[in-house]
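Commentary on secondary and tertiary structure
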Amino acid sequence: PSAHSSFAQERITLGLTTRNGSTSLPFVIAEEKGFFKGEGVNAIVVIMQNQVVVNGVVARNVDYGGTFSNFIGAAISGLPVRIVMSAMDGSDHYLVTGPNIKRVEDLKGKNFGISSFGGTPHSEAITILRKHGMNPEKDVTFLQIGGSSSRFAALESGAIQAAMLVPPFNNFAIKRGFNQLMSFNEIMNIPLGGLAVHTQKMKERPDEIVKMIKAVLKATDYIRTRKSEILAFLENKWGIKEPDVRESIYRDMVGLYSRDGVASDDTMKNVVQLVRDTRKSKDDKTLAEIFDWSFAKKAQAELKIK
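Here the structure is a predicted model, which means the values were calculated and not measured. (Residues numbered from 1 in each chain as written. Predicted model: local features only at pLDDT ≥ 70, side-chain atom pairs only at ≥ 80, totals over all residues. Heavy atoms only, no water.)

A word on the overall build of the protein chain
Helix and strand counts for the protein chain come out as 15 helices and 10 strands. In terms of overall dimensions, the protein chain is globule-like: its C-alpha atoms have a radius of gyration of 19 Å, near the 19 Å expected for 306 residues. By principal-axis analysis of the C-alpha atoms, the protein chain measures approximately 65 × 50 × 35 Å. For the protein chain, the residues scored as buried account for 58% of the 306 residues in total. At a minimum sequence separation of 6, the contacts of the protein chain that also span at least 24 residues come to 78%. If you sum the accessible surface of the protein chain, you get close to 12,500 Å²; carbon and sulfur atoms cover 49% of it. (Helix = DSSP H or I, 4+ residues; strand = E, 2+ residues; numbered from the N terminus. Rg over C-alpha atoms; globule rule 2.2 N^0.38 Å. Buried < 20%, exposed > 50% of the residue type's maximum accessible area, 1.4 Å probe, protein only. Contact = heavy atoms within 4.5 Å. Areas by Shrake-Rupley, 256 points an atom, 1.4 Å probe, with all protein chains shown as cover.)

Put into structure tokens, the structure is as follows:
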């Protein structure tokens, strides 16, 4: 076999925390609709805990990470990883609370469910609590629960009284009588989801990175332009039987997907600051030591994205 065909068979792992939810959608669509294959990469989505994704990429057992904040945290702590693509230009995380909690201040003394310490939901929660004059260290108890589906289940069981949830879980929660207090976008604009890689891969497999990004950009374009297929996907794969809920999820998330895979410096500064505040980090890393958009720009040029 030629070098090309044996390379095409090589399995590439992409670590995500869940197959459901808006941040996972471009990667899952790229896999299921054959966009990875179309670029000649045999990439498969593997579900694992947030921190396991980072550790896997650092140890080079996982090729790509599809999460964001944890990789920023890893990069500012000096680990050899970079973010090479941003999938969403805004956050579609919503603060959802128990039925008797009507405002942020009511969370005093309550349990707040997060994916993992230093993950995006944790950073967002801290920011919201501080904005409302609360002390995140003392006023709530953070519990590491896992992805959005696990946080929703913990909310339903009463183990936690608050969580940041992404569609469709915030929609499920509202239907069951929980309160949606706010969208994180009301607080600040941050990019969400994307691709992160080991710095060695940037040297060894630059073309592969570009192909991965092209596949994900094709998937986000598919999400934007094939509404009926995505609504069917939300019904079949996410199990959302109510047409009105599917419509509102689609409407909420479709505008957030990045057209070019590159986040603006302003939104990157926001998210880096958010991670620094969460981790109480005193690093001196520059933005260039955290992300590298050169691969996404090459992907844009090849796809002729203006």
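Additional details are given in the paragraphs that follow.
What about the packing of helix α4 (residues 50-59) against helix α5 (residues 69-76)?
Running from N to C, α4 and α5 point in directions that differ by 45°, and their axes come no closer than 9 Å. Here α4 is positioned oblique relative to α5, judged by the angle of their axes. Of the two elements, α4 crosses α5, and the hand of that crossing is right-handed. Only N70, F71 and A74 of α5 make contact with α4, whose side of the interface consists of N50, Q51, V53, V54 and V57. (Axes fitted to C-alpha atoms, helices over the stretch in contact; angles between N-to-C directions. Parallel < 35°, antiparallel > 145°, perpendicular 65-115°, else oblique. Left-handed = near helix turned anticlockwise from the far one by under 90°.)

Digging into the packing of aromatic side chains
Aromatic rings considered in pairs are described by the distance between their centres and by the relative angle of their planes. Tallying each qualifying case throughout the model produces six aromatic pairs. Consider the rings of F35 and Y222, whose centres lie 5.8 Å apart with planes at 70°: the pair is edge-to-face. With F35 in helix α3 (residues 35-38) and Y222 in helix α11 (residues 206-225), this residue pair connects regions lying 187 residues apart in the sequence. Ring pairing ties together the aromatic residues F152, F169 and F172, which thus form one cluster. (Phe/Tyr/Trp six-rings, centres within 6.5 Å; stacked < 30°, edge-to-face > 60°.)

Some points on the sheet that holds strand β5 (residues 94-97)
Taken in spatial order, the five strands make up an open sheet running β7-β6-β8-β5-β9, and their pairing is mixed. Where the open sheet ends on each side, the last strands, each with one partner, are β7 (140-144) and β9 (179-183). Shown here is a sheet whose adjacent strand axes are inclined to one another by a mean of 25°, direction ignored. With four bridges connecting them, β5 and β9 associate as antiparallel partners. Residue pairing in the sheet places Y94 in a bridge with S183 of β9. Against the sheet, helix α6 (residues 120-131) contacts β5, β6 (110-114), β7, β8 (162-165) and β9, and its axis sits at roughly 170° relative to β7. Lying on the sheet, helix α8 (residues 148-157) is in contact with β5, β6 and β8; it crosses β8 at an angle near 150°. (Pairing = 2+ DSSP bridges.)

Observations regarding the side chain of S86
Inspection of the secondary structure puts S86 in strand β4 (residues 81-88). One polar contact links the side chain of S86 to the main-chain carbonyl oxygen of M88, over a distance of 3.3 Å. Leave out the neighbours within four places in its chain, and S86 touches F68, P191, G193, G194, S258, G261, V262, A263 and W293. (Polar contact = N/O pair within 3.5 Å; in protein donor to acceptor, adjacent residues only side chain to side chain.)

Things to note about unusual backbone geometry
Omega for the bond connecting P167 with P168 falls within 30 degrees of zero, at 5°, which places this linkage in the cis form. Tracing the backbone shows P168 in the loop between β8 and α9 (169-175). A positive phi angle is found at R60, which is not glycine, with a value near 65°. Take R60: its relative accessible area is 37%, and that puts it in the partly exposed class. Positioned with a positive phi, K280 is a non-glycine residue whose angle comes to about 50°.

Observations regarding helix α12 (residues 227-236)
All of the buried residues along α12 are I230, L231, F233 and L234. End-on, the buried residues of α12 take up no more than an arc of 155°, which puts them together on one face. Pointing more than 90 degrees away from the buried face of α12 are the exposed residues S228 and N236. Buried residues belonging to α12 abut α2 (25-32), α11 and α13 (243-254). (Arc of directions from axis to C-beta.)

Observations regarding the environment of S24
Structurally, S24 can be placed in the loop between β1 (11-16) and α2. In this structure, the C-alpha to C-alpha distance between S24 and G194, residues 170 residues apart in sequence, is 9.1 Å. Every residue in contact with S24, bar those within four places of it in the chain, is listed here: L16, T18 and R19.

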